[in-house]
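# Reading the structure
Spelled out from the first residue to the last, the chains are:
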Amino acid sequence: MQENIINLIKKSRGTVDYKISHYPDGQTDIELGEINLKWPVRIICRIRNAEELFMLRMVSSVLKDMHARIKNIDIMYLMAARTDRKFSWNRPCTLDIVINDIRFLGAEYVNVYEPHNYSAIFNLCSGSDGSVISPISYISNEETGSYPDLFFELKDHSLGTDYEINPETTYLVAPDEGARDRMKDDVRYHGYRILYCRKNRDPRTGRVQSVELCGNADNSNVGGKNLLVVDDLSDRGGTFLALINVLRRYGAKTIGLCISHCIQDDGLKDLAKAYDFVATTDSYKDWNHIVEEDPESYPNVLVCKLKYRPYTKE
């Protein structure tokens, strides 16, 4: 199916040109190039801050004025994933605010790549009777065929690693019980044994003080296996650095880390030195370019490019 592609992450990966400019007071403006109104529009973006959300709203406004059909908005990274509830009466549920903005963009489908909390997004997009009132979902490679899946790319060696990842040789490790529950419901991980961690944090600072590996794990059944820690998000990497010190005691053959969204440079550098390999995506920033520019600081980092693939289904 032919479509207009507006790629707000990397313009050269789209089919629609655009120009971004700034007024003297800092206000951002965008001018879209030629669009074929006979074809639907797909917008590819990341929302890391309010500026990028506002950019998406401006593009949507222009398309509505042109009477263009916005079929898909694909969001590679969605901000506010961790503030998916009110932590106190005087703090906002920021994810609710972001999703309410996205609802009014006029898209037929809004897809989010690996959101931190699937349930929160579904609940925020559903009516009181359970009906879905906003077409927001998560990107599934099996359903759309549009984007590569990090775990599958790692498993079939598409990222250039020779590590064997299969249910016979590999145990998956969830960093906490919430991640374990998400993995159990995910078809990608069916057939794998899933271990999980119980973290003890300092109540004042929130920093991890100790980590315990759970799920009937001991040296006799973990020794000689490959361990793959799987999670969706890493900021400074503190949790995963604390975890690696525990996992090393079990005599695993290799210990890898599979993270959909990596945020901070220093965090990824530390993880790259601690783990046998780290696999991530370019959802938050162009890690592939950064790793290629400074390979010594990022040893054994494998980056899955979320490069757009032509969408063929109606």
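Use the structure listed above.
Residue indices follow the written sequence of each chain, beginning from 1 at its first position. Whole-chain, interface and lining totals are the exception, using all residues; otherwise, since this is a predicted model, local features are given only for residues with pLDDT of at least 70 and side-chain atom pairs are given and counted only at 80 or more. Think of the side-chain values as coming from all heavy atoms in the structure, minus any hydrogens and water.

Numbering of helices and strands runs from the N terminus, with a helix taken as a DSSP run of H or I at least four residues long and a strand as a DSSP run of E at least two residues long. When helices and strands are tallied, the chain shows ten helices and 14 strands. Considering the chain as a whole, with its 314 residues, one finds that 49% of them fall into the buried category. We call two residues in contact whenever any of their non-hydrogen atoms come within 4.5 Å of each other. Residue pairs in contact within the chain that sit at least 24 positions apart in sequence constitute 63% of those at least 6 positions apart. Here the chain displays about 15,800 Å² of accessible surface, and carbon together with sulfur accounts for 47% of that area. Between buried and exposed lies partly exposed: a residue is buried under 20% and exposed over 50% of the maximum accessible area for its type, with that area taken using a 1.4 Å probe on protein chains only. Surface exposure here means Shrake-Rupley accessible area, sampled with a 1.4 Å probe, where a residue is shielded only by the protein chains that are shown.

Side chains of residues three or four places apart in an α-helix project in the same direction, reflecting 3.6 residues per turn. Thr239, Phe240, Leu243, Ile244, Val246 and Leu247 are the residues of helix 8 (residues 238–247) that are buried. Summarising the axial view, the buried residues of helix 8 lie within an arc of 160 degrees, below the 170-degree limit, and thus occupy one face. Taking the helix axis as origin, the arc is that swept by the directions to the C-beta atoms.

Each salt bridge in this description consists of a side-chain nitrogen of Lys or Arg and a carboxyl oxygen of Asp or Glu lying within 4 Å of one another. Evaluation of the coordinates by the stated rule reveals 17 salt bridges. Put simply, glutamate 108 and arginine 69 hold a salt bridge, and the shortest N to O gap is 2.7 Å. Taken together, the positions of glutamate 108 in the loop between helix 2 (94–103) and strand 6 (109–112) and arginine 69 in the loop between helix 1 (50–65) and strand 5 (70–78) put the pair 39 residues apart, joining distant regions of the chain. Residues joined in a network through salt bridges with shared partners are Glu3, Arg42 and Asp74.

Buried residues of helix 9 (residues 265–274): Gly267, Leu268, Leu271 and Ala272, and no others. Across the axial projection of helix 9, the buried residues extend over an arc of 130 degrees, all falling on one side. Seen from the open side of helix 9, the exposed residues pointing more than 90 degrees away from its buried face are Asp266 and Lys273. Where helix 9 is buried, its residues meet strand 11 (226–234), helix 8, strand 12 (254–262), strand 13 (277–281), helix 10 (287–293) and strand 14 (301–304).

If you trace the backbone, threonine 170 turns up in strand 8 (residues 170–174). Two N or O atoms form a polar contact when they lie within 3.5 Å of each other; inside protein one atom must be a possible hydrogen donor and the other a possible acceptor, and for residues adjacent in sequence the pair counts only when both atoms belong to side chains. There is a polar contact of 2.9 Å between the side chain of threonine 170 and the backbone oxygen of glutamate 164. Setting aside residues no more than four positions away along its own chain, threonine 170 makes contact with Glu164, Ile165, Tyr192, Asn226 and Leu228.

The subject of this paragraph is the packing of helix 8 against helix 9. Interhelical geometry of helix 8 versus helix 9 gives an angle of 10 degrees and a closest axis separation of 10 Å. As the angle between them shows, helix 8 and helix 9 are arranged roughly parallel. Crossing of helix 8 over helix 9 shows left-handed handedness. Residues Phe240, Leu241 and Ile244 of helix 8 lie in contact with helix 9, whose contacting residues are Asp270, Leu271 and Ala274. When the residues that make up the contact of helix 8 with helix 9 are grouped by side-chain class, the tally is five nonpolar, no polar and one charged. Fitted lines through C-alpha atoms give the axes, limited to the stretch in contact for helices. The angle between two N-to-C directions lies from 0 to 180 degrees. Orientation is classified from the angle alone, with under 35 degrees giving roughly parallel, over 145 giving roughly antiparallel, 65 to 115 giving roughly perpendicular, and any other angle giving oblique. Handedness of a crossing follows from how the near helix is turned relative to the far one, being left-handed for an anticlockwise turn of less than a right angle and right-handed for a clockwise one. Amino acids are sorted into nonpolar (Ala, Val, Leu, Ile, Met, Phe, Trp, Tyr, Cys and Pro), charged (Asp, Glu, Lys and Arg) and polar (every other residue, Gly among them).

The next subject is the packing of aromatic side chains. Within 6.5 Å between ring centres, the rings of Phe, Tyr and Trp (the latter by its six-membered ring) count as paired, and their orientation is classed by plane angle as stacked under 30 degrees, edge-to-face over 60, tilted in between. Evaluation of the coordinates by the stated rule reveals five aromatic pairs. Judged by centre distance (6.3 Å) and plane angle (50 degrees), the ring pair of phenylalanine 151 and phenylalanine 152 falls under tilted. Assessed through its relative accessible area of 1%, phenylalanine 151 is described here as buried. Summarising the aromatic geometry, the rings of phenylalanine 151 and tyrosine 192 are spaced 5.7 Å apart at their centres and angled 80 degrees between planes, so their arrangement reads as edge-to-face. On the criterion of sequence distance, the pair formed by phenylalanine 151 in helix 5 (residues 150–155) and tyrosine 192 in the loop between helix 6 (177–184) and strand 9 (193–201) is long-range, its members being 41 residues apart. Here tyrosine 192 falls in the buried class, since its relative accessible area comes to 10%.

Honestly, it's all geometry; don't read function into it.
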